[in-house]
Amino acid sequence: MMLTAIGLMSGTSLDGVDVALIETDGKRVESFGPSGYRPYTEQERGLLRQALAEAVDLPQRDARPGILREAERAVTIAHAEAVAAFTAQHRLLREDIDIVGFHGQTVLHRPQQKMTVQIGDAAALARAIHIPVMHDFRAADVAAGGQGAPFVPVYHRALAQSLDREGPMVVVNIGGVSNITYIDGADTLIACDTGPGNALLDDFMYSVTGQRLDCEGRMAAQGKIDEAWIARALQHPFFAMPPPKSLDRNDFASLKLRDVPPADGAATLTALTAAAIARIVPLLPKPPKSWIVAGGGARNLTMLRMLRDRVAPATVEAADALGWAGDAIEAQAFGFLAARGLKGLPLSYPATTGVPIPMTGGVIARP
């Protein structure tokens with residue numbers, strides 16, 4: 001039975017809430033609906049940055065001391081507003097929507113301590129939008145010993161099945177953190193985080209220019225890459241670990257550039273993202289023949305060029321070039337995962353998160 005699902009995603013880059021509608025049975029996608037976006041305000045973003053800093057000391061995953069309670073309320077309101085605006089704009093009736101997949105905002109991800117924390121009050125959201133909400137997708141995986149990330153690979157596989165191309169192929173999502181899904185036929189699905197995505201670059205741009213990102217990679221295109229710094233950064237033990245593996249947004253926060261011109265800093269951090277993604281190739285069963293890039297990094301033309309240089313002769317193309325909604329893929333994925341969760345289908349696998357057995361997940365909050 002096909003379900004109409006809305007997926008909501010707010011990533012580690014803290015830019016805002018992505019919304020997307022799909023029709024799916026949890027195995028394949030029948031049709032793509034519209035997508036939308038509700039940016040976080042500067043005040044909300046500042047609140048979330050404070051929450052990230054305070055979450056480091058969380059004693060348990062359901063604790064919301066101090067600023068975290070305020071941040072959770074802001075996240076919930078932002079998502080409710082995103083759904084209300086989206087359904088009004090596209091004249092969708094709430095009774096036409098079977099389920100909403102609500103990822104929430106990750107403020108802490110420490111799978112080795114069996115801790116993953118996404119803030120956002122699903123019960124309050126369900127009451128506000130009058131639609132059932134599935135949330136807390138990662139908890140069951142982490143509790144069972146998995147990494148709890150990445151969670152989008154099952155959706156990447158559903159998308160890839162519609163492409164008529166020879167494998168192996170990799171879908172790489174460059175958000176705050178970068179992650180890959182390695183697909184070779186219907187059976188081989190491997191996934192992991194690869195390292196920093198846009199987080200280090202965005203934080204650097206904000207600190208030196210006041211801009212939230214390097215638009216299209218224009219700043220990086222003018223800079224000189226410090227290859228020696230990248231070589232040192234890649235000595236971090238994470239890069240040599242085989243998949244599956246996952247990261248917290250702040251795991252590489254200690255990687256500090258020395259005092260460099262803004263263009264050189266942007267070039268070096270952009271190149272680090274590309275180099276970290278390419279570093280996964282020797283750890284995969286076979287070198288990929290093609291790479292499909294989604295997420296905010298797909299709009300960074302300098303990042304795409306640097307990735308092409310590092311994974312040649314494989315092809316590298318943006319997801320949008322294939323007719324995929326590159327910016328909406330993660331939101332679509334959480335609509336897809338909500339449908340899978342409703343049907344008790346696995347959301348994660350031993351080769352995607354390291355969980356011992358395929359795991360379903362998600363918790364339903366009803367209006």
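Before any of the text, the structure's been laid out above.
What this report covers is the structure whose coordinates are included nearby. It should be emphasised that the depicted structure is a prediction, and the values quoted were computed from it without experimental measurement.

### Examining the overall build of the chain
Here's step 1: The number of helices and strands found in the chain is 12 helices and 12 strands.
Here's step 2: C-alpha atoms of the chain, sized along the principal axes, occupy 55 × 50 × 40 Å.
Here's step 3: Counting every position in the chain, which comprises 367 residues, the buried fraction comes to 57%.
Here's step 4: If you take every contact in the chain between residues at least 6 apart in sequence, the share linking residues at least 24 apart comes to 69%.
Here's step 5: For the chain, the computed accessible surface area is about 15,000 Å², with 52% contributed by carbon and sulfur atoms.
Here's step 6: A gap of 2 Å separates the mean positions of the 35 positive and 39 negative side-chain charges of the chain.

### Things to note about the packing of aromatic side chains
Here's step 1: Overall, the coordinates contain five aromatic pairs when judged by the stated rule.
Here's step 2: Seen in terms of ring centroids, F137 and F334 are 5.2 Å apart; in terms of plane orientation they differ by 70 degrees. Their pairing is edge-to-face. Remark: F334 occurs in helix 11 (residues 329–342) and F137 occurs in the loop between strand 6 (133–135) and helix 4 (139–143); sequence separation between them is 197 residues. Pair check on accessibility: F137 and F334 agree, each one buried.
Here's step 3: For the pair F238 and F252, a centre-to-centre distance of 6.0 Å together with 80 degrees between the ring planes defines the contact as edge-to-face. Taken together, the residues F238 in the loop between helix 8 (227–233) and helix 9 (262–278) and F252 in the loop between helix 8 and helix 9 connect sequence positions 14 residues apart.

### Section: the pairing of strand 4 (residues 99–110)
Here's step 1: Of all 12 residues that make up strand 4, 11 are buried, and the element is covered over most of its length.
Here's step 2: Sheet topology places strand 1 (residues 3–10) next to strand 4; five bridges connect them, and they run parallel. Bridge pairing links G7 to G101 in strand 4.
Here's step 3: When strand 4 meets strand 6, the two strands line up parallel, connected through two bridges. Directly across from V100, in strand 6, lies its bridge partner V133.

### Concerning helix 2 (residues 67–89)
Here's step 1: Along its 23 residues, helix 2 runs 33 Å from first to last C-alpha, staying within 8% of the 33 Å computed at 1.5 Å per residue.
Here's step 2: Of the residues flanking the end of helix 2, it is R91, one or two places downstream, whose phi is positive at about 50 degrees.

### Some remarks on the pattern of salt bridges
Here's step 1: Enumeration according to the criterion identifies 13 salt bridges in this entry.
Here's step 2: A salt bridge links E317 to R165, with the shortest nitrogen-to-oxygen separation between them at 2.9 Å. Linking E317 in strand 11 (residues 315–318) with R165 in the loop between helix 5 (153–160) and strand 7 (169–174), this pair joins segments that are 152 residues apart in sequence.
Here's step 3: One network of salt bridges, in which partners are shared, links R38, E44 and E81.

### Focus on the sheet that holds strand 9 (residues 188–196)
Here's step 1: Judged by pairing direction, the sheet is mixed, and its five strands sit side by side in the order 9-8-7-10-11 without closing on themselves. Either end of the sheet is taken by a strand with one partner, and the two such strands are strand 9 and strand 11. Each strand axis lies, on average, 20 degrees off the axis of its neighbour in the sheet, ignoring direction.
Here's step 2: Strands strand 7, strand 8 (177–184), strand 9 and strand 10 (290–294) of the sheet are contacted by helix 9, whose axis makes an angle of about 150 degrees with strand 9.

### Digging into the packing of helix 6 (residues 199–209) against helix 9
Here's step 1: For the pair helix 6 and helix 9, the least separation of the axes is 9 Å and the interaxial angle reads 170 degrees. In terms of their interaxial angle, helix 6 and helix 9 are classed as roughly antiparallel. The segment helix 6 lies against helix 9, with L200, L201, F204, M205 and V208 engaging P262, G265, A266, L269, T270 and L272.
Here's step 2: Looking at the contact of helix 6 with helix 9 residue by residue, the classes come out as nine nonpolar, two polar and no charged.

### Side note on unusual backbone geometry
Here's step 1: Following A149, the chain continues to P150 via a peptide bond in cis, the omega torsion being -10 degrees.
Here's step 2: Along the chain, P150 falls in the loop between helix 4 and helix 5.
Here's step 3: Here the bond from A312 into P313 is cis, since omega is 10 degrees, no more than 30 degrees from zero.
Here's step 4: Phi is positive for R91, which is not a glycine, with a value near 50 degrees.
Here's step 5: As for its position among the elements, R91 is in the loop between helix 2 and strand 4.

### Focus on the pairing of strand 1
Here's step 1: Burial within strand 1 is extensive, with eight of its eight residues counted as buried.
Here's step 2: With burial as the criterion, each face of strand 1 is covered, one bearing L3, A5, G7 and M9 and the other bearing T4, I6, L8 and S10.
Here's step 3: Of the strand pairs in this sheet, strand 1 and strand 2 (residues 16–24) are connected by seven bridges, and their pairing is antiparallel. Of the residues in strand 2, the one forming a bridge with T4 is E23.
Here's step 4: The hairpin formed by strand 1 and strand 2 contains five residues between the paired strands, and L14 there has a positive phi angle of roughly 60 degrees.

### Things to note about the nonpolar core
Here's step 1: Counting 45 residues, the largest nonpolar core has V172, I180, L272, W291, V293 and L307 as its most contacted members.
Here's step 2: Per-element accounting of this core gives the leading share, 10 residues, to helix 9.
Here's step 3: Grouped together as the second largest cluster of nonpolar side chains are 39 residues, I97, F102, A122 and A365 included.

Here is what the cut-offs are and how they apply
Residues numbered from 1 in each chain as written. Predicted model: local features only at pLDDT ≥ 70, side-chain atom pairs only at ≥ 80, totals over all residues. Heavy atoms only, no water. Helix = DSSP H or I, 4+ residues; strand = E, 2+ residues; numbered from the N terminus. Buried < 20%, exposed > 50% of the residue type's maximum accessible area, 1.4 Å probe, protein only. Contact = heavy atoms within 4.5 Å. Areas by Shrake-Rupley, 256 points an atom, 1.4 Å probe, with all protein chains shown as cover. Lys, Arg positive; Asp, Glu negative; His and termini not counted. Charge placed at Lys NZ, Arg CZ, Asp CG, Glu CD. Phe/Tyr/Trp six-rings, centres within 6.5 Å; stacked < 30°, edge-to-face > 60°. Pairing = 2+ DSSP bridges. Expected span 1.5 Å × (residues − 1). Salt bridge = Lys/Arg side-chain N within 4 Å of Asp/Glu carboxyl O. Axes fitted to C-alpha atoms, helices over the stretch in contact; angles between N-to-C directions. Parallel < 35°, antiparallel > 145°, perpendicular 65-115°, else oblique. Nonpolar A, V, L, I, M, F, W, Y, C, P; charged D, E, K, R; others polar. Core = buried A, V, L, I, M, F, W, Y, C linked by side-chain atoms within 4.5 Å.

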